Amino acid sequence: WFDEYCDAHIRPSGIGILPIRGPLFDRGWACYQGYDQIIAACREFEAQYHAREQLTDTAKLVGIVIPIESPGGLCVGLLDCCDAVRRLRDLVPVYTVADREACSAAEAIAAQGTLSYCTRDSLRGSLGARMSHLDYSGHLAKDGEDMRHFKSGRFKDAGAGDVPRSSETV
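Just so it is clear, the model here is predicted, and its values are computed rather than measured. (Residues numbered from 1 in each chain as written. Predicted model: local features only at pLDDT ≥ 70, side-chain atom pairs only at ≥ 80, totals over all residues. Heavy atoms only, no water.)

1. Looking at unusual backbone geometry
Move 1: In this model, arginine 100 sits at a positive phi of 90°, which is unusual for a non-glycine residue.
Move 2: Within the secondary structure, arginine 100 sits in strand β7 (residues 94–103).
Move 3: Judged by relative accessible area, arginine 100 falls into the exposed class, the value being 56%.
Move 4: With a phi close to 55°, serine 104 is a non-glycine residue in the positive phi region.
Move 5: Mapped onto the elements of the fold, serine 104 is located in the loop between β7 and α3 (105–110).
Move 6: Accessibility expressed as a relative area gives 11% for serine 104, which makes it buried. (Helix = DSSP H or I, 4+ residues; strand = E, 2+ residues; numbered from the N terminus. Buried < 20%, exposed > 50% of the residue type's maximum accessible area, 1.4 Å probe, protein only.)

Put into structure tokens, the structure is as follows:
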């Protein structure tokens, strides 16, 4: 079953469409898109580009549009995904469009395009990354856990259950 809104495809005009929708994960499952799926689509576009170079009766891949509607996602796998989009950019122009939202990891992908656009009311930006490390050095501080947060972005851990709520994040 093919869904033009969600599935990567090449139109008869030679424009490749690679939609990025929803939260991003290292490996996709169910309705969640994974970097592995985006990378596979990029590789398929590369293969189509090289195969169509030798064919005269088939529309040649002339550019790629990546509409993005995503709040971002995990860090694991993101850099490989960005590399795959940059490899496409070396073959044909790649245009990324923040279609409502391209934040955090999705913004990193959007930045890989030849040109990157956003609609006038779309959200766009990199919000940072958060990592937690549980320190067992004090043997859980007499059965209490010493949780330390390493983050980038002022509100990255807002709403996390293990972080005290502040007046700024209510």
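Right, picking up where we left off after that structure.
2. Digging into the layout of surface pockets
Move 1: The computed volume of the largest pocket comes to approximately 350 Å³.
Move 2: No other element matches helix α1 (residues 35–53), which puts three residues into the lining of the largest pocket.
Move 3: Grouping the amino acids of the lining of the largest pocket by side-chain chemistry returns 10 nonpolar, three polar and two charged. (1 Å grid on protein atoms, 1.4 Å probe; cavity = no way out; pocket = protein on both sides within 12 Å on 5 of 7 lines; lining within 4 Å. Points joined across faces, edges and corners; volume = space filled by probe spheres on them. Nonpolar A, V, L, I, M, F, W, Y, C, P; charged D, E, K, R; others polar.)

3. Overview of the pairing of β7
Move 1: In the sheet, strand β6 (residues 63–70) pairs with β7 via seven bridges, with the strands oriented parallel. Within β7, the position partnered with isoleucine 68 by the bridge is alanine 98.
Move 2: With helix α2 (residues 78–91) bridging β6 and its parallel neighbour β7, the resulting β-α-β unit is right-handed.
Move 3: Crossover connection from β7 via α3 to parallel strand β8 (residues 115–118): handedness right-handed. (Pairing = 2+ DSSP bridges. Right-handed = clockwise from strand over helix to strand, strands pointing away.)

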